[in-house]
Amino acid sequence: MSHARTDNAVDLFDEAIARGLPQTIVLDDGALTIESPLDVELHFPNERAGDVPGSMYLVTWRGEQAVLTRSGTHVDISMPRSGSVEVTGFSSEAEGSHHMETGAPHSFTESVARQASSQKMTMPRYAAGKTTIMKAQRAAAQPTLIFWLFLHDDTLGVTRQHIHASYVAWWLADMKRIFPTRRLSAIYSQHVAGLTDIPYGHESSLKDWSAAVDNYAWREKLPRVPGEFEYKFMLVTRDEVAPGASGLAWLGGDEAMASLTGRYTIVAHEYGHTLTASHEDAEVRWSSGWPCETNLMSSVSPLRANCYRYSAANERRMRRHMANEWTVPVRLDPPGIPRLRIE
């Protein structure tokens, strides 16, 4: 292992990666042990470059386990806390570190749209994609689960990397544990007409979002190939996605919505629903002598911490869903969007 120090934390990190892992370096008077890379592909939007790739690593930061994201000029270290996620960031454009405001957990109420066995099926109608992202995934010859997060125009005041570091990074690391043999990708998009400018905050928000996604997927000819590409689309918003709800999702479907007013587990909660995780299988655990709530708890309490994990039962549901998702017959006349059930 190597120990060193420099004012340019990003360069120091890159040099450590080039030497091979594991490596220990010192950043801002804190010891960072870079243990191993995560097989997760990241893409962030950029006004000039168009697309900025990212990579993730399992690390130990100042003696605690954490997840690190490297993208563009950023290195961000995510450490889940009882009711928040502490983010320590470094940039090649500034000296020293910066810290995200953790604060108290946001209020959290959530609604789920359930789909029966006659749910709308994903039709294999999309031709092969032309983007570099899709070509790389196809070349990997590995089942790929793509989480596509569209950042609503009203979130432009929040740094994209910090949305990822606070709400998504820790969750993707856990999803890799749950699906170790599946290639995971997270794509962030912004300024997409008809998607990131869509009105929301009303009772039919999820239906409108689903229709917009269907139109976009058809127009862009996204390659939804059975057993090869599975997409989960999320709209990330600043305000509540529907009256009294910071999240919406189709149970076992492909579309979800999550508001930054929600808990730091809101993305995990809603994406969990798209993988059939349920409120009923959520649980309260004890961690370090204090109760914590798994990701799918519907009735949350400010007196309980976040576990930042799914219950064992919900993990089984998600694995079973991904294993069996292509064994059902594809209907040539898919039914309409199912009726929303507010919980």
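Residues numbered from 1 in each chain as written. Predicted model: local features only at pLDDT ≥ 70, side-chain atom pairs only at ≥ 80, totals over all residues. Heavy atoms only, no water.

Q: Describe in detail the packing of helix H3 (residues 160-178) against helix H5 (residues 266-274), supporting the description with residues and values.
A: It is the contact of H3 with H5, at a shortest axis distance of 8 Å, that shows an interaxial angle of 50°. Here H5 runs oblique to H3, going by the angle between their axes. Along the contact surface, H3 presents Tyr-167, Val-168, Trp-170 and Trp-171, while H5 presents Ile-266, Val-267, Ala-268 and Tyr-271. Considered class by class, the residues forming the contact of H3 with H5 number eight nonpolar, no polar and no charged. (Axes fitted to C-alpha atoms, helices over the stretch in contact; angles between N-to-C directions. Helix = DSSP H or I, 4+ residues; strand = E, 2+ residues; numbered from the N terminus. Parallel < 35°, antiparallel > 145°, perpendicular 65-115°, else oblique. Contact = heavy atoms within 4.5 Å. Nonpolar A, V, L, I, M, F, W, Y, C, P; charged D, E, K, R; others polar.)

Q: Account for empty space enclosed by the protein, with residues named and values stated.
A: Taken as a whole and assessed by the stated rule, the structure comprises two cavities of 30 Å³ or more. Counted by class, the lining of the largest cavity contains three nonpolar, five polar and two charged residues. (1 Å grid on protein atoms, 1.4 Å probe; cavity = no way out; pocket = protein on both sides within 12 Å on 5 of 7 lines; lining within 4 Å. Points joined across faces, edges and corners; volume = space filled by probe spheres on them.)

Q: Which residues make up helix H1 (residues 9-19), and what values go with them?
A: Of all the residues in H1, the buried ones are Ala-9, Val-10, Leu-12, Phe-13 and Ala-16. End-on, the buried residues of H1 take up no more than an arc of 160°, which puts them together on one face. Next to the buried residues of H1 lie strand E1 (23-27), strand E2 (30-46), strand E3 (50-61), strand E4 (64-71), strand E5 (74-80) and strand E6 (85-91). Two residues or fewer past H1, Gly-20 is found with a positive phi of approximately 100°. (Buried < 20%, exposed > 50% of the residue type's maximum accessible area, 1.4 Å probe, protein only. Arc of directions from axis to C-beta.)

Q: Give me the lowdown on the pairing of E5, citing residues and values where you can.
A: Among the seven residues that make up E5, six are buried, leaving the element largely enclosed by the rest of the structure. When E4 meets E5, the two strands line up antiparallel, connected through five bridges. Note that in E5 the partner of Ser-71 across the bridge is His-74. Following E4, the chain reverses through two residues before pairing antiparallel with E5; Gly-72 in that reversal takes a positive phi of roughly 55°. Bridge count for E5 against E6 is seven bridges, and the pairing is antiparallel. Residue pairing for E6: Met-79 is matched across the bridge by Glu-86. Linking two consecutive strands that pair antiparallel, namely E5 and E6, is a turn of four residues. (Pairing = 2+ DSSP bridges.)

Q: Got a sec to walk through the pattern of salt bridges? Specific residues and values, please.
A: A complete count under the given rule lists 18 salt bridges for this structure. Residues Asp-14 and Arg-70 are paired through a salt bridge, measuring 2.9 Å at the closest nitrogen-oxygen approach. With Asp-14 in helix H1 and Arg-70 in strand E4, the pair connects residues that are 56 residues apart, well separated along the chain. Looking at Arg-70, the relative accessible area reads 15%, which means it is buried. Between Lys-232 and Glu-230 there is a salt bridge whose closest N-O contact spans 3.1 Å. Each of the two residues, Lys-232 as well as Glu-230, counts as buried. Each of Asp-174, Arg-177, Arg-309, Glu-315 and Arg-319 takes part in salt bridges that share partners, so that together they form one network. (Salt bridge = Lys/Arg side-chain N within 4 Å of Asp/Glu carboxyl O.)

Q: Help me get a handle on the nonpolar core, residues and values and all.
A: Leu-149, Trp-171, Leu-172, Met-175 and Val-267 are the most contacted members of the largest nonpolar core, which has 48 residues in total. Looking at which element gives the most residues to this core, the answer is H3, with eleven residues. Those residues in contact with Leu-149, other than ones at most four positions away along the chain, are Val-168, Ala-186, Ile-187, Tyr-188, Ser-189, Met-234, Val-236, Val-267 and Tyr-271. Grouped together as the second largest cluster of nonpolar side chains are 25 residues, Leu-195, Tyr-200, Tyr-216 and Phe-233 included. (Core = buried A, V, L, I, M, F, W, Y, C linked by side-chain atoms within 4.5 Å.)

Q: Tell me about the layout of surface pockets, and please be specific about residues and values.
A: Empty space among the atoms can be located by rolling a probe the size of a water molecule over them. Here the largest pocket defines a volume of roughly 680 Å³. As for the largest pocket, its lining consists of 26 residues, of which Gln-65, Pro-80, Cys-307, Tyr-308 and Arg-309 are closest to the centre. Looking at the lining of the largest pocket, the elements with two or more residues in it are E3, E4, E5, H3, strand E14 (290-293) and strand E15 (305-306). Looking at the lining of the largest pocket residue by residue, the classes come out as 14 nonpolar, six polar and six charged.

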